[in-house]
Each structure stands twice: as structure tokens, then as C-alpha cells.
Amino acid sequence: MDPHATPPVLLQLYAKLEELVSLMPAEYQVKIKQIPPEILLSSIILVAVFFLLLVLRALSRPSKSTLPPVLLVGPCGAGKTALFFALRDASLHNGTVASMQENEGMVQLQGEKGSKKGQARLLDVPGHERLRHKLEQHLSDACAVVFVVDATDITPHK
């Protein structure tokens, strides 16, 4: 076997490439035929691999429900749920927003000039002592924890 012989698979690819080139306008055919077939074929393979990687990346993006959450935690009445709604809906709830259940939602992240930077999943965990186990359930999955404290509720030590 001649080590310099072109493998049959490449010969088939060259033949297909010739077919495709013959379908193009004449001025493109002249330019493409000036390019060595090895370089042209490797360029086509490179572009195909690039698009395949783009498709795989798009398909492998985590869904909104699989994004790790940012936990909003703290004592009862600290303002966790009010902060949650302010971040999620940009709505201000007047007064207290009591919540004995988890609140979950997506928040659009923005850059300095208002450009979209992505999304974050917020999870508001109740602060009541009897529901502390809910915090423990989500803590290992969290990407960040925001501890919310009501600054007006802190009394100075005597």
C-alpha cells in the first residue's frame, strides 16, 4: 500500500465537493478551484464542527428549573418575601408580606447600561423556626445565599 495514496473516504468527499462546486455560479467556481482541495475540505469540516458545537451547546444549556438558586434567608419579618417580589416583579408591596411557604421565580440580570446579562433563579425560604428544615433542603444546591435582616428591628445591646 502506498503511504502517499489518498484514502477512499477523502476521494468520495472530493467528488461530493466537486458536485457542490459545479452548482455554484461560474465566478465562484473559478475562485474555489484555485484553493487546494485539502485546505477547502478541512475548512468545510472545521465550519461543520463549529456549527455542531453551537447546536450541542444550545441543547445542553440548563433549563430554568435546573439553575442553582440564590437563596433569600433570614429571620421572620426581615423582608425576604418583599425583597423577592421587588426583584422578581419590580413591585413594591406596602407593609408586611408574610409568607409561610417558599416563593420561587426567575430574575432578569442587567448590566450597568441596562443590557441583559442572563437570568438567576431566586428562592425565598421562610424564616420561621418550624420551617428551618426547608433551608437545609436547598442549601447544598444554592449558588449563593443572601441573608436578609431588617435594620430597624435590631435593638442595641445594653
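Data block above holds the structure.
So, here's what we can say about the structure. Computed from a predicted model, the values in this text were never measured in an experiment. (Residues numbered from 1 in each chain as written. Predicted model: local features only at pLDDT ≥ 70, side-chain atom pairs only at ≥ 80, totals over all residues. Heavy atoms only, no water.)

1. Focus on the overall build of the protein chain
Which entries qualify depends on this criterion: A helix here means a DSSP run of H or I that spans at least four residues, while a strand means a run of E at least two residues long, and both kinds are numbered starting from the N terminus. Burial here depends on accessible area, computed with a 1.4 Å probe over protein chains only, as a share of the maximum for the residue type. Under 20% is buried, over 50% is exposed, and the range in between is partly exposed. We call two residues in contact whenever any of their non-hydrogen atoms come within 4.5 Å of each other. For every accessible area listed, the method is Shrake-Rupley and the probe measures 1.4 Å; residues are considered covered only by the protein chains on display.
Within the protein chain, the secondary structure is distributed over five helices and four strands. Counted from the first residue to the last, the protein chain has its helices and strands arranged as α-α-α-β-α-β-β-α-β. The 158 residues of the protein chain split such that 21% are buried. Counting contacts in the protein chain only where the partners sit at least 6 residues apart, residues at least 24 apart contribute 54% of the total. Accessible surface computed for the protein chain: about 12300 Å², of which carbon and sulfur atoms make up 61%.

2. What to know about the pairing of strand 1 (residues 69–73)
Under the convention used in this document: For two strands to count as paired, DSSP must find a minimum of two bridges between them.
Within strand 1, five of the five residues are buried, which leaves it mostly tucked inside the rest of the structure. Burial of the side chains of strand 1 extends over both faces: Pro69, Leu71 and Val73 are buried on one face and Val70 and Leu72 on the other. Relative to strand 3 (residues 116–124), strand 1 runs parallel, the two being bridged by four bridges. Residue pairing across strands places Leu71 opposite Leu123, the latter belonging to strand 3. Examined bridge by bridge, strand 1 and strand 4 (residues 144–147) share four bridges and lie parallel to one another. Of the residues in strand 4, the one forming a bridge with Val70 is Ala144.

3. As for the sheet that holds strand 1
What counts here: Between N-to-C directions, angles cover 0 to 180 degrees, with each direction set by a line fitted to C-alpha atoms, over the stretch in contact for helices.
Ordered in space as 2-3-1-4, the four strands form an open sheet in which the pairing is mixed. The open sheet is flanked by strand 2 (103–110) and strand 4, the only strands paired with a single partner. Taking each pair of neighbouring strands and ignoring which way they run, the sheet shows an average axis angle of 30 degrees. This element, helix 4 (residues 80–89), spans strand 1, strand 2 and strand 3 of the sheet and lies at about 45 degrees to strand 2. Packed onto the sheet, helix 5 (residues 132–139) meets strand 1, strand 3 and strand 4 and runs at close to 155 degrees relative to strand 1.

4. Brief notes about the pattern of salt bridges
If charged atoms from side chains of opposite charge come close, those side chains can pair. Spelled out, the test is: We define a salt bridge as a contact between a side-chain nitrogen of Lys or Arg and a carboxyl oxygen of Asp or Glu at a distance within 4 Å.
Applying the stated criterion across every chain yields a total of two salt bridges. Among the ionic pairs, Asp89 bridges to Arg88, the shortest N-O distance being 2.8 Å. Classification of Asp89 as partly exposed rests on a relative accessible area of 38%.

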